[in-house]
Amino acid sequence: MRFMMLMIPKGYENAAPGTMPDPQAVQAMMRYNETLQKAGVLLALDGLHPPSEGARVSFSGGKPTVTDGPFAETKEVIGGYWMIQVNSREEAIDWAKRCPAGDNEIIEVRQVHEFAEFPPDVQKAAAGFAEMQR
């Protein structure tokens, strides 16, 4: 089972362009990442630039509209993620609980849909897209 652990740092929605993490926090997080890697559960991880450097594309009436960050009404944003492969939701939560996160950080744990979970009509619609079928 694959799970995404989404880091949601409070206040990051208002972070200025170029905002960088504290080196000590990064060092602690790298030790955690190494633990995930050594356990063989880590598939991918990345940190994200603040929303002030991003854009959102909405599709009102089927027409794309681009809004540059920061996003005025946003209360929580993703600051980074881990993709892990474990045997259960409980194991994914256990890994999230081991993270050296600070008081202002939340980790949301979400299971990734596997291709085999989709009904036949959805699988047929996605046929030919090999990345979804792995």
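For the structure, see preceding data.
None of the values given here were measured: they were computed from a predicted structure.

(A) Spatial organisation of the overall build of the chain. Check the secondary structure of the chain and you find 3 helices and 6 strands. Taking the principal axes of the C-alpha coordinates as reference, the chain spans close to 45 × 45 × 20 Å. Burial analysis of the chain (134 residues in total) assigns 28% to the buried set. A fraction of 75% describes how many contacts in the chain between residues 6 or more apart in sequence connect residues 24 or more apart. Computed over 13 positive and 18 negative side-chain charges, the separation of the two mean positions in the chain equals 3 Å.

(B) Main features of the side chain of Asn-33. Within the secondary structure, Asn-33 sits in helix α1 (residues 23-38). For Asn-33, the contacting residues outside a window of four places in its chain are Leu-42, Leu-45 and Trp-82.

(C) Region of interest: the packing of aromatic side chains. In total, this model carries 1 aromatic pair according to the counting rule given. With 5.7 Å between their ring centres and 90° between their planes, Tyr-32 and Trp-82 make a pair best called edge-to-face. Here Trp-82 lies in strand β5 (residues 80-85) and Tyr-32 lies in helix α1, a separation of 50 residues in the sequence. Tyr-32 sits in the buried class, given a relative accessible area of 5%. Judged by its relative accessible area of 4%, Trp-82 falls in the buried class. Sitting over the ring of Phe-71, Arg-56 keeps its end group 4.3 Å from the ring centre. The ring centre of Trp-95 lies 4.1 Å from the NZ or CZ of Arg-98, which sits over that ring.

(D) Focus on the pattern of salt bridges. Overall, the coordinates contain 4 salt bridges when judged by the stated rule. Across the pair Lys-38 and Glu-34 runs a salt bridge whose closest N-O atoms are separated by 3.6 Å. Taken together, the residues Lys-38 and Glu-34, both in helix α1 and 4 residues apart, mark about one turn of the helix. By relative accessible area, Lys-38 is classed as exposed at 67%. Its relative accessible area of 39% is what places Glu-34 among the partly exposed residues. Here Arg-98 makes a salt bridge to Asp-94, at a shortest N to O gap of 2.5 Å.

(E) The arrangement of helix α2 (residues 89-97) in detail. Those residues of α2 lying buried are Ala-92, Trp-95 and Ala-96. Viewed along the axis of α2, the buried residues span an arc of 100°, placing them on a single side of the element. The outward face of α2, more than 90 degrees from its buried face, is lined by the exposed residues Glu-90 and Lys-97. Looking at the buried positions of α2, the neighbouring elements they touch are β1 (2-9), α1, β5 and β6 (105-111).

(F) Structural context of unusual backbone geometry. Of note, the amide linkage connecting Gly-69 to Pro-70 takes the cis form, showing an omega dihedral of 0°. Relative to the helices and strands, Pro-70 is located in the loop between β4 (65-68) and β5.

Rules behind the numbers
Residues numbered from 1 in each chain as written. Predicted model: local features only at pLDDT ≥ 70, side-chain atom pairs only at ≥ 80, totals over all residues. Heavy atoms only, no water. Helix = DSSP H or I, 4+ residues; strand = E, 2+ residues; numbered from the N terminus. Buried < 20%, exposed > 50% of the residue type's maximum accessible area, 1.4 Å probe, protein only. Contact = heavy atoms within 4.5 Å. Lys, Arg positive; Asp, Glu negative; His and termini not counted. Charge placed at Lys NZ, Arg CZ, Asp CG, Glu CD. Phe/Tyr/Trp six-rings, centres within 6.5 Å; stacked < 30°, edge-to-face > 60°. Lys NZ or Arg CZ within 6 Å of the ring centre and 35° of its normal. Salt bridge = Lys/Arg side-chain N within 4 Å of Asp/Glu carboxyl O. Arc of directions from axis to C-beta.

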